[in-house]
Amino acid sequence: QVQLVESGGGLVQAGGSLRLSCAASGRTLSFSSYAMGWFRQAPGKEREFVAAISWSGGSTYYADYVKGRFTISRDNAKNTVYLQMNSLKPDDTAVYYCGRLYSGSYNTYGSYDYWGQGTQVTVSS
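Residues numbered from 1 in each chain as written. Predicted model: local features only at pLDDT ≥ 70, side-chain atom pairs only at ≥ 80, totals over all residues. Heavy atoms only, no water.

Novice: Tell me about the environment of Y114, residues and numbers included.
Specialist: Turning to its location among the elements, Y114 is positioned in strand β10 (residues 112-115). Residue class for Y114 comes out partly exposed when judged on its relative accessible area of 21%. If near-sequence neighbours (up to four positions away) are discounted, Y114 is found in contact with Q1, V2, L4, C98, G99 and R100. (Helix = DSSP H or I, 4+ residues; strand = E, 2+ residues; numbered from the N terminus. Buried < 20%, exposed > 50% of the residue type's maximum accessible area, 1.4 Å probe, protein only. Contact = heavy atoms within 4.5 Å.)

Following this line, the structure appears as structure tokens:
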């Protein structure tokens, strides 16, 4: 069993920055073997892809609406993946979730087998 715990969310003004963290625990010996991703879900909307990173960190993928503003990274020694969010907009307001990519496309919700409980990000205008 793998547990994922997100942190770092909060309230920020438009144009501000936040750094989210996702720490893995439990059966983490294989953490570095899996790609990881961030999704978000706003009220009344479906969960949508934000960013993903390969097991080594050598490849990253972003949704068009965050490209150039968000940066995903990972520290396999700490079993942690990060999401640096800059130039935040009110439309970025959502609960942000990290997940472990098990099989399939990195931008598809069903490709992930473990999820954290989420962290709330609220961007005020």
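Novice: Explain the environment of Y65 to me, and be specific about the residues and the numbers.
Specialist: In this fold, Y65 is placed in the loop between β6 (60-62) and β7 (70-75). Linking Y65 and Y96, residues 31 residues apart in sequence, is a C-alpha distance of 15 Å. With residues up to four places along the chain from it excluded, the contact list for Y65 reads R40, E48 and F49. Within the structure, Y65 has its side chain in polar contact with the backbone oxygen of F49 (distance 2.6 Å). (Polar contact = N/O pair within 3.5 Å; in protein donor to acceptor, adjacent residues only side chain to side chain.)

Novice: With reference to specific residues and values, describe the nonpolar core.
Specialist: W38, V50, F70, I72, L83, M85 and Y96 are the most contacted members of the largest nonpolar core, which totals 34 residues. For this core, the secondary-structure elements that each account for two or more residues are β1 (2-7), β3 (18-26), β4 (36-41), β5 (48-53), β7, β8 (80-85), β9 (94-101) and β11 (119-124). (Core = buried A, V, L, I, M, F, W, Y, C linked by side-chain atoms within 4.5 Å.)

Novice: So what's going on with the pattern of salt bridges? Residues and values would help.
Specialist: Under the definition given, this model contains five salt bridges. A salt bridge links E48 to R40, with the nearest nitrogen and oxygen atoms 2.7 Å apart. Take E48: its relative accessible area is 31%, and that puts it in the partly exposed class. Among the residues examined, R40 registers a relative accessible area of 5% and is labelled buried. R100 serves as the salt-bridge partner of D113, at 2.6 Å between the closest nitrogen and oxygen. Pair noted here: D113 is in strand β10 and R100 is in strand β9, with a separation of 13 residues, a long-range link. Look at D113 and you get partly exposed, because its relative accessible area is 30%. (Salt bridge = Lys/Arg side-chain N within 4 Å of Asp/Glu carboxyl O.)

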